Amino acid sequence: MSAASCLLTEDQFLCSICLDVFTDPVATPCGHNFCKTCITQHWDINVPYKCPNCKEVFYIRPELKVNTFISEMAAHSSEQQVSKPGEVPCDVCTGTKLKALKSCLVCLASYCETHLEPHLTKSGLKRHQLINPVKNLEDRMCTKHDKLLELFCKTDQMCVCMHCMVLDHKTHDVVPLKEEYEGKKAELGKRDAEVQQMIQKRRLKIEEMKRSVELSKKDADREIAAGVQVFSALKESVERSQAELIDTIKEKQRETEKQAEGFIKELEQEISELEKRSSEVEQLSQSEDHLHLLQSFPSLNTAPPTKNWTGVSVHPPSYEGTVVRAVNQLEETLSKLMKKVELKWVQQYAVDVTLDPDTAHPNLILSDDGKQVHDNDVRNNLPDNPERFDKFVCVLARQSFSSGRFYYEVQVKEKTDWTLGVVTESINRKGDINPTPRYGYRTICLMDENECCALADSPVLFSLKCRPEKVGVFVDYEEGLVSFYDIDAAALIYSFTGCCFIHKLYPFFSPCTNGGGENSAPLIISPVNPTE
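Predicted, not measured: the structure shown is a model, and the values here were computed from it.

Attention now goes to the pattern of salt bridges. What the rule picks out here adds up to 19 salt bridges. In this structure, E251 engages R254 in a salt bridge whose closest nitrogen and oxygen atoms are separated by 2.6 Å. Linking E251 with R254, this pair stays in helix α7 (residues 177-285), spanning three residues, or about one helical turn. Residue classification places E251 among the partly exposed residues on the basis of a relative accessible area of 35%. Judged by its relative accessible area of 44%, R254 falls in the partly exposed class. A salt bridge links D352 to K371, with the shortest nitrogen-to-oxygen separation between them at 2.5 Å. Taken together, the positions of D352 in the loop between α9 (322-347) and β12 (364-366) and K371 in the loop between β12 and β13 (372-375) put the pair 19 residues apart, joining distant regions of the chain.

Structure follows, in structure tokens:
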């Protein structure tokens, strides 16, 4: 088939009507070939029936016969792809250029499947070196010696021919192209692996950024919801305080009006009595009955009983301090509300914390669930592993934190002494220790009934309104913040600020010594119930 196809040109596989490769080729009685659809449509509109090529006229519409040979040859021709822009065309094809299948380094030409046939069958041409099709084959020849570039000079980093190696590069490190190709290919593979790794890292970074944006959006939505709730509560408080202020002022005004109405009613009653007496006196004074006047005079000569109104007046009520008191009360209400809001905000970062028995001082007793610890006043026989505190009566949590925010609560009810906080992974756990920030500690402790101490580098003593029964611990790793809250009072106890954390942080618990039973109550890690 390939040999036969070499004898035919591409034009012989083209329909003269559509000028494209035959589709279902058929032959007319005069021997010419057309696409079945093309000749059928041509004769549907042209009568009498005439051959488009030789113009022979058929008065009866001819019966078309399939041309099997042309059909097979056209199909074979159509299988070979026409060269597209950017692809290497066959150098032998005339007219429509087919896509080259191979290039010959000896002939310096590229061939399609049909024109490659001689290189695959003829003994003289079979020895030629064939490669995948490439453009500009002349670039593979040495411009100085007109020989094939088949060597590589490592010294000058250039491709050379055999004559170049003998004449110009005889002392240089020269290797076959294939050897250098394999080496460079390995380098490219390594570089590609590095590039793929860089791409993967950047894709992971993109995913990380997308997750950060998603988390940021969730945080933003949560903060907006919390903000709306807070400001709604503030608005309600302000409106309630305003209404109470208005009611107070109106009540004072009503009392003033009521007092004035009482006085006016009493005065109007006295006026009525006096007017009545005046009328009686006037009538008597006009009487000419001597006896009647003299008999009535004693009772009408004296004024009816009245009140002395000289010192009586209605004073406008004083509103001095009313607004100030209302604002102070509002401020107190808002302060309590803001404390609850702050506590509720940190509680959303609650984490599950359990005690690590491998770090517990030998005097401590831990519950099976790792949620409670108390001092037993008796030293247990435990292995002295590096993680265990051997002198300070304390224990760490199993969980560690090296980023973000976290929060947990500890019940300290009925205890007279305790220490809570967080410590860095690098703290010393043996012998005497100094529980201050300089040595990796951020803790507070209860010292007396209502006395607390923040164990800063310079201890900070402060009094509490009442002894806490439950303490919340909040940490913002990136912000460098450690805060302690009295849960029942919804009040901030103390904050360590401006901390610079670079190591893992562990929650720290010290129930302190038993104190002969006075401090026997345990520290209890409690579930977090958001403040209402």
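The discussion continues.
The topology assignment puts I365 in strand β12. The exposure class of I365 is partly exposed, given its relative accessible area of 28%. Considered as a pair, I365 and N380 are 15 residues apart in the sequence and their alpha carbons are 8.9 Å apart. Other than its neighbours up to four places away in sequence, I365 contacts Q372, V373, H374, N376 and N380.

In spatial order, the strands read β14-β23-β16-β17-β18-β19; together these six strands make up an open sheet with antiparallel pairing. Both edges of this open sheet fall to β14 (395-396) and β19 (460-463), since each of them pairs with a single strand only. Both strand β16 (residues 418-424) and strand β17 (residues 441-446) contribute to a ladder of six bridges, which runs antiparallel. When the bridges of β17 are listed, L420 appears paired with I444.

This part takes up the packing of aromatic side chains. A complete count under the given rule lists 15 aromatic pairs for this structure. Taking the centre distance of 6.0 Å and the plane angle of 80° together, the rings of F263 and W309 count as edge-to-face. Of this pair, F263 sits in helix α7 while W309 sits in the loop between α8 (290-301) and α9; the two residues are 46 residues apart in sequence, bridging distant segments of the chain. Judged by relative accessible area, W309 falls into the buried class, the value being 18%. Considering the side-chain rings of F462 and Y494, the 5.9 Å spacing of their centres and the 5° angle between planes classify their relative orientation as stacked. Taken together, the positions of F462 in strand β19 and Y494 in strand β22 (residues 491-496) put the pair 32 residues apart, joining distant regions of the chain. Each member of the pair, F462 as well as Y494, carries the same accessibility label: buried. Taken together, F389, F392, Y441 and F508 form an aromatic cluster joined through their ring pairs. A cation over an aromatic ring shows up here: K307 above the ring of W309, its NZ or CZ 4.7 Å from the ring centre.

Reading the values: the criteria
- For every chain, the first residue of its written sequence is number 1, and the numbers climb from 1 along that sequence.
- The model is predicted, so local features are restricted to residues of pLDDT at least 70 and side-chain atom pairs to those at 80 or more, both for listing and for counting; the totals for chains, interfaces and linings are taken over all residues.
- Heavy atoms throughout the structure, all of them, feed into the side-chain values; hydrogens and water do not.
- In the sections that follow, a salt bridge refers to a side-chain nitrogen of Lys or Arg positioned within 4 Å of a carboxyl oxygen of Asp or Glu.
- Segments assigned H or I by DSSP are reported as helices when at least four residues long, segments assigned E as strands when at least two residues long, and all are numbered from the N terminus.
- Note on classification: 1.4 Å probe, protein chains only; a residue is buried when its accessible area is under 20% of the maximum for its type, exposed when over 50%, partly exposed between these limits.
- In this analysis, two residues are considered to be in contact whenever any of their non-hydrogen atoms come within 4.5 Å of each other.
- Criterion used throughout: strands pair if DSSP finds at least two bridges between them.
- Aromatic rings from Phe, Tyr and Trp, with only the six-membered ring used for Trp, were paired whenever their centres fell within 6.5 Å, and each pair was classed as stacked if the ring planes differed by under 30 degrees, edge-to-face if by over 60, and tilted otherwise.
- Charge-over-ring placement is defined geometrically: NZ (Lys) or CZ (Arg) within 6 Å of the ring centre, and within 35 degrees of the ring normal.

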